[in-house]
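Residue strings, one per chain:
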Amino acid sequence: MRNIVLVGFMGTGKSTVAAELAQRLGWSRIDLDASIERAEGKSIPELFAERGEAYFRAAETEALRRELVGRSRQVVATGGGAVLAEGNRDIMLANGLVVALTATAETIISRVHNDPNRPLLRGNAEKSVPELMEQRKHAYDFAHVRIDTTDKTVEQIVGLIEERLRAGG
Ligand code: S3P
């Protein structure tokens, strides 16, 4: 497997796990949202407010291609909605081990509560997280591996991914 691609709903710990896993493997860490922000010269909330979600999704697909295709030894943390387009899922599956992180709605709400950088939550995580989770309940099923992060430490999650990697994915 050339890369590890972390997918999952907002607040499932993709960025934190990516940082720790990349360090343990000696691989590069890529944050897809940060890559979009650099390429566009705007923050995610600015992009949503000024250009709209469709524009953001197109920039996300471009970033995925730019960061993944033809590259290796990277741990890539994607945004929670990067899995929605079939073309994006194909890019991920073709270029790495895709690991889905999951968590309960309660855990996610406690992690993303009051976060101004997540425009889709519209400042009301208690209402929007369960709604979005319902809409996306099968969105992460395509991943090679699924890990429930509830009640697990970052070290435990990283250990589980390393095991899968050693077993050949
Ligand atoms: C989104 C998740 C965010 C970010 C954007 C849209 C989504 O990333 O890409 O706000 O559609 O779930 P995180 O999952 O890192 O919060």
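The structure this text deals with has already been given above.
In this text the structure is predicted, and so the values were computed from the model without any measurement.

Enquirer: When you look at unusual backbone geometry in this model, what are you seeing that I'm missing?
Expert: A negative phi angle characterises most non-glycine residues, just as the trans form characterises most peptide bonds. One non-glycine residue, Asn114, adopts positive backbone phi at about 65 degrees. As for its placement among the helices and strands, Asn114 is situated in the loop between α6 (105-112) and α7 (125-135). Given a relative accessible area of 64%, Asn114 falls into the exposed group. Of note, the phi angle at Arg122 is positive, near 50 degrees, even though the residue is not glycine.

Enquirer: Just to check I follow, could you spell out the site of the ligand for this structure?
Expert: Of all residues adjacent to the ligand, which total 13 residues, the nearest are Lys14, Arg57, Gly80, Arg118 and Arg136. Measuring from an oxygen atom of the ligand, one finds a side-chain N or O atom of Arg118 at 2.6 Å. Against a free-state accessible area of 390 Å², the protein chains account for coverage of 94% of the ligand. When its residues are assigned to classes, the shell around the ligand shows 5 nonpolar, 3 polar and 5 charged.

Enquirer: I keep staring at the packing of helix α3 (residues 44-51) against helix α4 (residues 53-68) and nothing clicks. Help me out?
Expert: The geometry of a pair of packed helices is captured by two quantities: the angle between their axes and the separation between those axes. Contact geometry of α3 with α4 gives a least axis separation of 7 Å together with a crossing angle of 130 degrees. Comparing their axes, α4 and α3 come out oblique. Contacts between α3 and α4 involve Ile44, Leu47, Phe48 and Arg51 from the first element and Glu53, Tyr55 and Phe56 from the second. For the contact of α3 with α4, the per-class residue count stands at 5 nonpolar, no polar and 2 charged.

Enquirer: Would you take a moment to explain α7 for this structure?
Expert: Since the α-helix turns once every 3.6 residues, residues separated by three or four places project in the same direction. Ala125, Ser128, Val129 and Leu132 are the residues of α7 that are buried. Here the buried residues of α7 occupy an arc of 100 degrees about the axis, which is enough to place them on one side. Those residues of α7 hidden inside the fold are in contact with α6.

Enquirer: Would you mind going over the packing of helix α1 (residues 14-25) against helix α8 (residues 154-166) with me for this structure?
Expert: Packing of α1 against α8 leaves a shortest axis separation of 10 Å and a crossing angle of 55 degrees. As the angle between them shows, α1 and α8 are arranged oblique. Regarding α1 and α8, the two cross each other, and that crossing is right-handed. Across from Thr16, Val17, Glu20, Leu21, Arg24 and Leu25 in α1, the residues of α8 making contact are Val154, Glu155, Ile157, Val158, Ile161, Glu162 and Leu165.

Enquirer: What is the right way to look at the pairing of strand β3 (residues 74-77) in this model?
Expert: Strand residues, when the strand is regular, have side chains that alternate between the two faces of the sheet. Taking every second residue as pointing to the same face, both faces of β3 are buried, with Gln74 and Val76 on one and Val75 and Ala77 on the other. As paired strands, strand β1 (residues 3-8) and β3 are joined by 4 bridges and run parallel to one another. The residue bridging Asn3 from the neighbouring strand is Gln74, located in β3. Bridge count for strand β2 (residues 28-31) against β3 is 4 bridges, and the pairing is parallel. Of the residues in β3, the one forming a bridge with Ser28 is Gln74.

The rules behind these values
- Residues numbered from 1 in each chain as written.
- Predicted model: local features only at pLDDT ≥ 70, side-chain atom pairs only at ≥ 80, totals over all residues.
- Heavy atoms only, no water.
- Helix = DSSP H or I, 4+ residues; strand = E, 2+ residues; numbered from the N terminus.
- Buried < 20%, exposed > 50% of the residue type's maximum accessible area, 1.4 Å probe, protein only.
- Near = heavy atom within 4 Å.
- Polar contact = N/O pair within 3.5 Å; in protein donor to acceptor, adjacent residues only side chain to side chain.
- Areas by Shrake-Rupley, 256 points an atom, 1.4 Å probe, with all protein chains shown as cover.
- Nonpolar A, V, L, I, M, F, W, Y, C, P; charged D, E, K, R; others polar.
- Axes fitted to C-alpha atoms, helices over the stretch in contact; angles between N-to-C directions.
- Parallel < 35°, antiparallel > 145°, perpendicular 65-115°, else oblique.
- Contact = heavy atoms within 4.5 Å.
- Arc of directions from axis to C-beta.
- Left-handed = near helix turned anticlockwise from the far one by under 90°.
- Pairing = 2+ DSSP bridges.

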